[in-house]
Amino acid sequence: MCIAFSPTSELSFVLAFQMAESLLQMVIENLSAFVQDELATLWGVHSQIQELSGNLAAIHAVLQDAEEKQIRERAVKLWLQKLSDAAHVLDDILDECSIESNRLHSEQCLTRLDPVTIMFRRDIGKRMKEMVDRFRQIDEERRRFELRGRVPERQQEDEAWRQTCSGITEHNIYGREQDTENILEFLSRSADSSNDLSVYPIVGMGGLGKTTLVRWVYNDKKVIEHFDLRIWVCVSTEVNTMRILESIVESTRGHNPNLSTLEAMKNKVQEVLLGKRYLLVLDDVWSTDKWEDLKSVLLCGGGTKGAAILVTTRVESVASVMGTCPAHHLSPLSEDDNWLLFKYHAFGSDKVERRELVAIGKEIVKKCGGSPLASKALGSLLRNKKEEIQWVNVLESKFWDILEDDAIIVRALKISYFHLKLSLRQCFAFCAIFPQDFRMEKEQLIHLWMANGLIKSKGKLEIEDVGNEAWEELCQRSFFQEVEIDELGRTTFKMHDLFHELAQSIMGEECRVYDESASLTNLSTRVHHVTCLKPEREVNMDPFKKAESLRSMINLYPLDDHRNLNGLPPFNSLRALRTNASQLSELKSLTHLRYLNLRSSGITTLPECVSRLQKLQILKLERCENLSCLPKHLTQLKDLRHLLIEYCHSLVEMPPNIGELKCLRTLNLFIVDKKEGRGLSELRDLQLGGKLRIKGLENVINEGDARDANLSAKKKLENLYLSWGSSDSRRGANAERILEALEPPSNLKSFGMNGYSGVELPSWMQNTSILSSLVMVILYDCKNCKHLPPLGKLPHLTVLYVSGMKDVKYIDEDSYDGVDEKAFKSLKDLTLSKLPNLEGMLGDERVEMLPLLSKLKVSCVPKIKLPLLPSLEHIWIKGTGSDSDHSDSEGMASILEAIGQNMQHVKTLCISDFPKLKALPHELSSLSSLQKLEIYGGDELESFSENVLQGLCSLQSLTIHSCKKLRSLSEGVGHLTRLESLDIMICPKLVTLPSNMNKLVSLRGVLIACCDTLPEGLQHVPSLQSLEVYESNSIPEWLGEITSLQKLELTRVRLRSLPSSFRNLTSLRELSIDGCHKELQKRCTRVTGQDWQAIAHIPQFKLIPIHEETFSDKIRSKWRSWQLRRDRHRGRHHFAKDDRFDILVERLFYWYKM
């Protein structure tokens, strides 16, 4: 059974009322303010405003009656739509009047004889007359429907929910024990014994908990241990092979590969899956159109023994086509199990269950028809409702009967929706602007609510606080799910697909998500919100021009370059715009804008016309890497609340007098300058919160100026980063006084400091009560510091990065009261870099420390002695790279000794830049859990010890790079029976592999780069499936002996002909030769070429000829070189010290998963 929300269902009739009422209420309030501010008199439309106010008041009084009648009468529904459309246009007109009045006031030009004012007054008069006629007609229709006025029912406010957590975490799944056991049985036995790809389909109607069940299995400890890779992809209604493959790579590699062709993406997926036993979840599949294409890619990955796919779907035919075994049909929950779920959400785990409410609750559960989502939604609705009548109202809701054509789950979700306050209904419905299964950012959503007027300040609560409360209540009532809150407080979440469909049905024609498959031929004039999921340069804007009042144009396409040279969409009514356009001249006409987000735009300056966008509340600039300056008159934006600047590393100065923006609540970058109006005193009266980076502190004259920043009073500030552009030791004393005066509030979650030239740290950095909330600390290039804060005593510190301090001996020299106290008790990720005299973490060696540390990066720290690290899993060790620094080898020996002695859980080890390293330390032989070993820059390394390799029984990946004297891997390689991938790069003397390569039964992929030839012995690997060769002088004839090979890539290999043995590669499915010589290209000509018979059997064959540099190429190369020199001269080169710190902060802040 499939469940869907049809836009022609009863719901769309009801929702026409909801949207009309909310917008009408806002317009009536604006009309009232229009009269009070005497704007109606100023623009000569007083009589029109009076008539409009009367008509709208009469219409508003009958809206509740219209709500019920339009369910049965289509004419009333259409009338409500007309009302909503007219209200949008009237709202635009009133906003324009407000904007023009503000302009006149700011220019002190309150005269009616000004030509511009006269023309505007005439235009507004004409348009207001049209609106009067339009609403007069709507009011006349109201009379024909005989709608009656009613006293609106007042919804009781729920306050208790504010005292609970922001989301209910599912600690258990009810009634699915047998389902879980069946799936686990399939994964561990049936799939494991199959040589083919095993696909297990799970079928059930929407809201039965298919995704919840599979997520529970996906995170089961036995599943995590059983599979090498686990990948989760939500397919949703539109099957897009490129997007699915992209998601597979992104979920395994942690980043988007940004490959432009389907072929390249297929190759990348096969590389990722090669030889892996993986679990792939394809969630919410609706169609099998592209299944065979996707399946062929997965099969080409090779090594699929034990690989499994779990498919969730509502469609029986999908299960029958995709499944390799009978479908698992998910049944509705039993009444008892559904009651347990309902009870958990309605009463919580620690509340008294009142008998009379339990009886009503069990009757409600009966109506839920075994749907977990229905029980969860209605249970969440009744959470904290204490009155019996409130529960009875849900049980006896008219919507159980009015919506009788809908499935039970749909009725339950609608009842939950209709019990929201009107303001919350608007906020929820707006979420339809995001595509299905999209992970939304809480902050971005609240900003978009603000821009579209869906929330407003309330009493002492600022508008952002109101938005937070709205989000919290929607989350508490289960409209949002899969909430993730990182250690720094950033929140993301999703919506269940049925809730998303509910939001879409509410918005109807008013909201449009535009992707590759969308057609704009029948675009409604009623569309107000548009989301683009494709590059803007490919979007035809013409169909949108017929929209009467387009409010939001949001580009969510993940574009990271500056290819969009188009201009802005010409829609003057826009309130919210997210774009990567580079031509911004049209901004001057987008006067209604409240939200402007420029992302990956190629602009070099933000045009001055931005300063005239009076209503702008949020200005967000992301990845505009060429942006060097902001408008000088930005302080004219008196309503601006959030100025967010990220990854704009060319920006060198701020506009003057930023302190005049009294409404500003977020300013995440401030660059100090000696020029007037650009000092720290500009921050004094700003009530800033969130994140703040202060750069250019070398320009602060004295501590008085620093104290003027008034940082300690900014209680909502959570992340602070301070940066000096010069670490001149002569300024050290001044820097100490300045840092002392920059004391932050005590609630900071992250703190970073760069280029500090002082010797001593301020008193507030020694005060653990001020630092106690810190989760992340970055101390970068503070060269003269000798002592650090008592970081080991910070209870929540999770990430620590310390670099560039020549005199520091211990990270924490503080004394500890007792040996039972643990130091760094929450630290998980530690980076130590360029600390030549660092000896240890603590001066007090008796103290137990670092119990949770899982990631350790040590670079150029030759004297370090590591303690016991019981949880360490990933370690990177980097030397100075200097041939003359003998302490490097000693330092690494100390580290590796510690690794070998007490870090048996290490899974990843990377060793780089130790040119004097002659042999791998024997301590490595004890790393029985090691899965990945990488060695870079071992210039003196000649061989691998057999004893060391013998102990690496779990090794899956081995990378050897730039070991120029390496001659042998030793016979110990034969012990690496689990090795799956081997990469050898720039090892010119490694020409022979050990004789026992035939024992590497798991080895599936090999990469050989910058070696004169392929090392002899490779042909003995029994199951090699993928071979990549880069920059080699020849390909040996014995390559044809690797008959298991399925994929061969040759790049810049100096070949004029192919070995005849290629004809023996009967399993080869793909052959790619990049940088192919003209002679070889001729010999491989289809049918007639001399080498054609050797490759004719290969299904996918690709030749890319050598690119010969043209005169134009040389000119472009010289032009790029000149630009690079120019940027360096201007001091804006992207790898300047300041920028490195900024990039580090951004990387840790945005990408680190804690």
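Residues numbered from 1 in each chain as written. Predicted model: local features only at pLDDT ≥ 70, side-chain atom pairs only at ≥ 80, totals over all residues. Heavy atoms only, no water.

The name given to the protein in an unreviewed UniProt entry is Disease resistance protein, with Arachis hypogaea as the source organism.

**What to know about the pairing of strand β11 (residues 552–555)**
In β11, alternate side chains face the same way, and those of S552 and I554 on one face and M553 and N555 on the other are all buried. With four bridges joining them, strand β10 (residues 529–532) and β11 adopt parallel strand pairing. Along β11, the bridge assignment pairs T531 with I554. Relative to strand β12 (residues 576–579), β11 runs parallel, the two being bridged by three bridges. Paired with S552 across the bridge in β12 is A576. (Buried < 20%, exposed > 50% of the residue type's maximum accessible area, 1.4 Å probe, protein only. Helix = DSSP H or I, 4+ residues; strand = E, 2+ residues; numbered from the N terminus. Pairing = 2+ DSSP bridges.)

**Notes on the pattern of salt bridges**
According to the stated counting rule, one finds 60 salt bridges in the structure shown. Residue R490 is joined to D486 by a salt bridge in which the shortest nitrogen-to-oxygen separation is 2.5 Å. For R490, a relative accessible area of 21% puts it in the partly exposed group. Classification of D486 by relative accessible area gives partly exposed; the value is 22%. Close ionic contact of R1052 with E1031 constitutes a salt bridge, the shortest N to O distance being 3.0 Å. Of the two residues, R1052 is situated in the loop between β34 (1047–1051) and β35 (1070–1076) and E1031 in the loop between β33 (1026–1030) and β34; the sequence distance between them amounts to 21 residues. By relative accessible area, which is 35% here, E1031 ends up partly exposed. What emerges from the salt-bridge pattern is a single network uniting D91, D92, D95, R551, R575, R594 and K615. (Salt bridge = Lys/Arg side-chain N within 4 Å of Asp/Glu carboxyl O.)

**Structural notes on the side chain of S1061**
Within the element layout of this structure, S1061 appears in the loop between β34 and β35. Leaving out residues up to four positions away in the same chain, S1061 has contacts with E1037, L1039 and G1040. (Contact = heavy atoms within 4.5 Å.)

**What to know about the sheet that holds strand β15 (residues 642–646)**
Pairing is parallel in the open sheet, where eight strands are placed in the order β9-β10-β11-β12-β13-β14-β15-β16. Strands at the two margins of the open sheet, each flanked by one partner only, are β9 (511–514) and β16 (666–667). Relative to strand β13 (residues 595–599), β12 is paired through four bridges, and the arrangement is parallel. Across the sheet, residue T579 finds its bridge partner in β13, namely L598.

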